[in-house]
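Listed below, chain by chain, are the residues.
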Amino acid sequence: THYAQTRKTFDAPIAKHQAVQFLLADMAVRYEAAMLLTHRAANLKDAKAPYTKEAAMAKLAASEAATANAHACIQVLGGMGYVTEMPAERYYRDARITEIYEGTSEIQRLVIAGQLLKEMPA
């Protein structure tokens, strides 16, 4: 948000532009949602309750949020977000790999669906 508040276009900080505000808002929502899902899974595990579905949901939400937020960050930064001297392009690469390592997003979806089907009466 610091960059968006200090970088100016048309004599106004880019944070004043609605499109940038939408990006920032969506980034905050994805972050908070992933964090809450992660806390829920951790609380279930701590309580020694079943947590397979919730852990898969947290992993899926967090990895996809990281990728989407890194992409949005590059959008906010514009050309500066793409240069290797800026951390944003590395964050995007690092975030993207989280959807592949430790169970792909598709595998997480299969785990979630499998658990949902187990929970539903036939």
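These remarks concern the structure in this document. (Residues numbered from 1 in each chain as written. Predicted model: local features only at pLDDT ≥ 70, side-chain atom pairs only at ≥ 80, totals over all residues. Heavy atoms only, no water.)

### A word on the packing of helix α3 (residues 52-77) against helix α5 (residues 105-119)
Here is the rule: Convention adopted: a line fitted to C-alpha atoms gives each axis, helices being fitted over their contacting stretch, and angles between N-to-C directions are expressed from 0 to 180 degrees. Strands here are runs of E lasting at least two residues and helices are runs of H or I lasting at least four, both read from the DSSP assignment and numbered beginning at the N terminus. Here roughly perpendicular refers to angles of 65 to 115 degrees, roughly parallel to angles under 35, roughly antiparallel to angles over 145, and oblique to all remaining angles. Handedness of each helix crossing follows the sense of rotation of the near helix against the far helix: counterclockwise by less than a right angle gives left-handed, clockwise gives right-handed. Contacts are assigned to residue pairs with any non-hydrogen atoms lying within 4.5 Å of each other.
Look at α3 against α5: their axes get within 9 Å of each other, and the N-to-C directions meet at 150°. As judged from the angle between their axes, α3 and α5 are roughly antiparallel. Crossing of α3 over α5 shows left-handed handedness. Between α3, through T52, K53, A56, M57, K59, L60, S63 and E64, and α5, the contact on the second element is made entirely by S105, Q108, R109, V111, I112, Q115, L116 and E119.

### Considering helix α4 (residues 87-98)
The cut-off we apply is this: The length a helix should cover is 1.5 Å for every residue beyond the first. Partly exposed residues are those whose accessible area sits between 20% and 50% of the maximum for their type, while under 20% is buried and over 50% is exposed, using a 1.4 Å probe and protein chains only. As used here, the arc belongs to the directions running from the helix axis to the C-beta atoms.
If you check α4, its first and last C-alpha atoms are 17 Å apart, about what 12 residues at 1.5 Å a residue would give, namely 16 Å. Along α4, the residues classified as buried are A88, E89 and A95. Each buried residue of α4 lies within a common arc of 125° when the element is viewed along its axis, so the set occupies one face. Where α4 is buried, its residues contact α3.

### Let's talk about unusual backbone geometry
Positive phi values are uncommon outside glycine, yet K48 reaches one of about 60°. By the element assignment, K48 lies in the loop between α2 (18-46) and α3. Assessed through its relative accessible area of 76%, K48 is described here as exposed.

### Comments concerning a nonpolar patch on the surface
Selection rule: Grouping into patches uses exposed residues only, defined as over 30% relative accessible area, and leaves out salt-bridged ones; the cut-off is 9 Å for like charges and 5 Å for nonpolar side chains (Val, Leu, Ile, Met, Phe, Trp, Tyr). Per-residue accessibility takes into account occlusion by the displayed protein chains alone, with areas from the Shrake-Rupley method and a 1.4 Å probe. Salt bridge, as used here, is a side-chain nitrogen of Lys or Arg placed within 4 Å of a carboxyl oxygen of Asp or Glu.
A surface patch of nonpolar side chains, about 290 Å² in accessible area, is lined by I97, I100 and Y101. By relative accessible area, which is 32% here, I97 ends up partly exposed.

### Here's the deal with the layout of surface pockets
If a probe the size of a water molecule is rolled over the atoms, the empty space left behind becomes visible. Rules: Method remark: on a 1 Å grid restricted to protein atoms, a set of points is classed as a cavity if a 1.4 Å probe fits but cannot get out and as a pocket if it is open with protein on both sides within 12 Å along at least five of seven lines; lining residues have an atom within 4 Å of a point. Grid points are joined across faces, edges and corners, and a volume is the space filled by probe spheres set on the points. Amino acid classes used here: Ala, Val, Leu, Ile, Met, Phe, Trp, Tyr, Cys and Pro are nonpolar; Asp, Glu, Lys and Arg are charged; the rest, including Gly, are polar.
Estimated volume of the second largest pocket: approximately 190 Å³. Around the second largest pocket sit M27, A28, R30, Y31, A34, M35, A62, A65, A66, N69 and A70, which together line it. At the level of secondary structure, the elements contributing two or more residues to the lining of the second largest pocket comprise α2 and α3. It is α2 that contributes the most residues to the lining of the second largest pocket, 6 residues altogether. Here the lining of the second largest pocket is built from residues that sort into 9 nonpolar, 1 polar and 1 charged.

### Quick look at α2
A rise of 1.5 Å per residue sets the reference length of α2, with its 29 residues, at 42 Å; its end C-alpha atoms lie 42 Å apart and thus fit the reference within 8%. Within α2, the full set of buried residues consists of V20, M27, A34, A41 and L44. Trailing α2 by a residue or two, K48 shows a phi angle of about 60°, which is positive.

### Here we look at the pattern of salt bridges
Scanning all chains against the criterion turns up 7 salt bridges. Between K53 and E119 there is a salt bridge, and its shortest N-O distance comes to 3.1 Å. Of the two residues, K53 is situated in helix α3 and E119 in helix α5; the sequence distance between them amounts to 66 residues. Taking relative accessible area as the criterion, K53 reaches 14% and is therefore assigned buried. The shortest N-O distance in the salt bridge between R93 and E89 comes to 3.1 Å. Of this pair, R93 and E89 both sit in helix α4, 4 residues apart, roughly one helical turn. One salt-bridge network, in which partners are shared between bridges, spans R40, K53, E54 and E119.

Worth remembering: the numbers are spatial, not functional.
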